[in-house]
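A structural walkthrough
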Amino acid sequence: MYREKYMVRATIKSPKFKKEEREGMKKSTLLFLGVVMLGGLLFMGAGVSNAEDIQRGGILRFEYDWIPYVKDPAIDGVGTGNIGRNIAETLTWIDDHFVPHPLLCKRWESSEDGKEWTLYLQEGVTFNNGKPFTADDVVWNFRHWLDPKVGSSMRAKLSMLSPDGVEKVDEYTVKLHLDRPFYGIPWILADYPALIAPEGGWRDFYSGDPRDAIGTGPFLLKKFIPNERMELVRRKDYWQKGVDGKPLPYVDEVHVITFKDDASRLAAIVGDEIDIINPGEGIIGELRKHKDIVVQVIDLPWSSPIMMRCDIKPFNDPRVRQAFKLVVDRRKLRDLCMPEGRIAYDHWVHPLHEGYCPDTDRDREQDIEKAKALLAAAGYPDGLEVELYTPTSPAHRPLLAQAYKEMAVKAGIKVNVRVLPDTVFWDKWGTWPFSISGWSGRPLATDNLSLGCRSGAAWNEMHWSNKEFDRLLDEIESTLDVEKRRQLLCQAQRIMQEDSGMILPFWNVDYLALRKRVHGYMYVPMRFVSVWLSSP
């Protein structure tokens, strides 16, 4: 989204490929074929065509909104692992078009029925403490994720796999015997709670002691002050090589720094104190004035849903939940809070997701009188009063809270908006009765449905339970045919609209601002291995 005479628009979208690319993806993602093998060439640098273009060295300065301490990366629900994945790696990684690529898993195969997956692992890889990486590490991690005592979000995403279904075939081969077919294994294995620990696990990965941050990745931990700063230093014996034939990464160090507000982000990048920031909507216009800064619009399934806890009053009554949805004028909210975003319809399947059903996204207009009638039937003929909690940033969330308040009052709903410091809000995430949350976009239509909507899931902040939805979700994940999966998603989307505790009036866009000397950075994987810096 570089605009005006020195800017061109650079919008990142989910898969929209040429016909031959789409057909290739169908084969490689098991939507129609029973066997897939992806492997061979590993990622060696985005946007680089010639080895002579590469300049090695330097320090990449990267802004990240917050990097809290997490005891176990497997239970990370806040995103510190997005930085940690540069120290410890996942089995696969996903690019900016949501296409999976090999990483510690060099290729994979699936049976025709989608119930058995074979993972072929990289050989000759070592952890940064000298321990060889083998199938024993992978088996241990799967069983760790699946242990209900751990509380990993990976357990919900791997609901089709039991611990007994993880088999070590040999030192570099693992088989997954699923309880039901599932098409999305390569995508799941790229998520940040899926960092691969050495067998037996970590003592305390984010302790701040570099000796505790054990992984196979391209960087070593140098320094970590939670919610303030993380410094990474180049690992000299990393197993992948760059396009210049030398071991990756290209930069010597990465300094990840947190900023509390957009004003400080803007001052830092304009003053050449930072190289990459994730800016809020309010400073985009100012950033676009600077010819040495590139601004990108990221159009992916990110969201700021308004969440109602379905296990406590008044939201344990579905009539109340419906009333709270009916007060929304979603177009007005989109135009006010996220003008470059898409309108959403109270469910989590994005139009760019494969299998999305457009049939549910019609005739969901504001209806104040119906909302009043539902509240009266639920025992609130005179309306009711609630607290709506929201983090301070990004700026559109407090704005959304205030705009929702003004719409809800027409139906007799008095909303008291409570804007909290980000750390206060997220430290109690999942406990608020009524709040504006924030969710990353994920590549599969079923990803956030499994993480945040399945009964008992670790990230189900709505505390919602619908057995028919759970049954449908199992069937969707087991269906390899896209059109059949679309029909099932139609049903799931309707159930979310009619029964869940989610109000979703629009899809977010995100923004990325980089100094022009930064090359090779990819937004979705957030891997620094391919980044290089050109001379000023």
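Described below are features of the structure shown in this document.

What counts and what doesn't
- Residues numbered from 1 in each chain as written.
- Predicted model: local features only at pLDDT ≥ 70, side-chain atom pairs only at ≥ 80, totals over all residues.
- Heavy atoms only, no water.
- Helix = DSSP H or I, 4+ residues; strand = E, 2+ residues; numbered from the N terminus.
- Buried < 20%, exposed > 50% of the residue type's maximum accessible area, 1.4 Å probe, protein only.
- Expected span 1.5 Å × (residues − 1).
- Contact = heavy atoms within 4.5 Å.
- Polar contact = N/O pair within 3.5 Å; in protein donor to acceptor, adjacent residues only side chain to side chain.
- Phe/Tyr/Trp six-rings, centres within 6.5 Å; stacked < 30°, edge-to-face > 60°.
- Salt bridge = Lys/Arg side-chain N within 4 Å of Asp/Glu carboxyl O.

Considering unusual backbone geometry
Pro249 follows Leu248 through a cis peptide bond whose omega is 0°. Mapped onto the fold, Pro249 is located in the loop between β10 (229-234) and β11 (253-257). Residue Pro314 is bonded to the preceding Lys313 through a cis peptide linkage, with omega at -5°. Its place among the elements puts Pro314 in the loop between β14 (306-308) and α8 (318-326). A positive phi angle, near 60°, is found at Asn227, a position not held by glycine. Since its relative accessible area comes to 25%, Asn227 is described here as partly exposed. For Asp346, which is not glycine, the phi torsion reads 65° and is therefore positive. One can find Asp346 in the loop between α9 (330-337) and α10 (368-377).

Here's the deal with helix α15 (residues 482-499)
Between its first and last C-alpha, α15 extends 25 Å over 18 residues, near the 26 Å set by a 1.5 Å rise per residue. All of the buried residues in α15 are Val482, Arg485, Leu488, Leu489, Cys490, Ala492, Gln493, Ile495, Met496, Gln497 and Asp499. Lining the buried residues of α15 we find α8, α13 (447-452), α14 (467-478) and β18 (502-503). Where α15 begins, the capping side chain belongs to Asp481, and its oxygen is found 3.1 Å from the backbone nitrogen of Glu483.

Concerning the packing of aromatic side chains
To describe a pair of aromatic rings, one takes the distance between the centres and the angle between the planes. Evaluation of the coordinates by the stated rule reveals 24 aromatic pairs. Ring geometry for Phe205 versus Tyr206: centroids 4.8 Å apart, planes at 85°, classification edge-to-face. With respect to burial, Phe205 and Tyr206 carry one shared label: buried. Relative to Phe469, the ring of Trp464 lies with its centre 5.0 Å away and its plane at 55°, an arrangement referred to as tilted. Residue Trp464 is classed as buried on the basis of its relative accessible area, which comes to 2%. Residue class for Phe469 comes out buried when judged on its relative accessible area of 1%.

Looking at the pattern of salt bridges
Enumeration according to the criterion identifies 43 salt bridges in this entry. Among the salt bridges present, the one from Asp275 reaches Arg61, with a minimum N-O distance of 2.9 Å. Taken together, the positions of Asp275 in the loop between α6 (262-270) and β12 (276-277) and Arg61 in strand β2 (residues 59-63) put the pair 214 residues apart, joining distant regions of the chain. According to the relative accessible area criterion, Asp275 is buried, its value standing at 1%.

Notes on α8
Among the nine residues that make up α8, seven are buried, leaving the element largely enclosed by the rest of the structure. Of the residues making up α8, those classed as buried are Val320, Arg321, Gln322, Ala323, Phe324, Lys325 and Leu326.

Let's talk about the environment of Met230
With respect to the secondary-structure elements, Met230 resides in strand β10. In this structure Met230 comes out as buried when scored by relative accessible area, which is 0%. Sequence spacing of Met230 and Trp93 is 137 residues, and the spatial spacing of their C-alpha atoms is 22 Å. If sequence neighbours within four positions are ignored, Met230 has contacts with Ile67, Thr80, Ile83, Tyr206, Leu221, Lys223, Phe224, Val254, His255 and Val256.

All we've got here are geometric facts, nothing functional implied.
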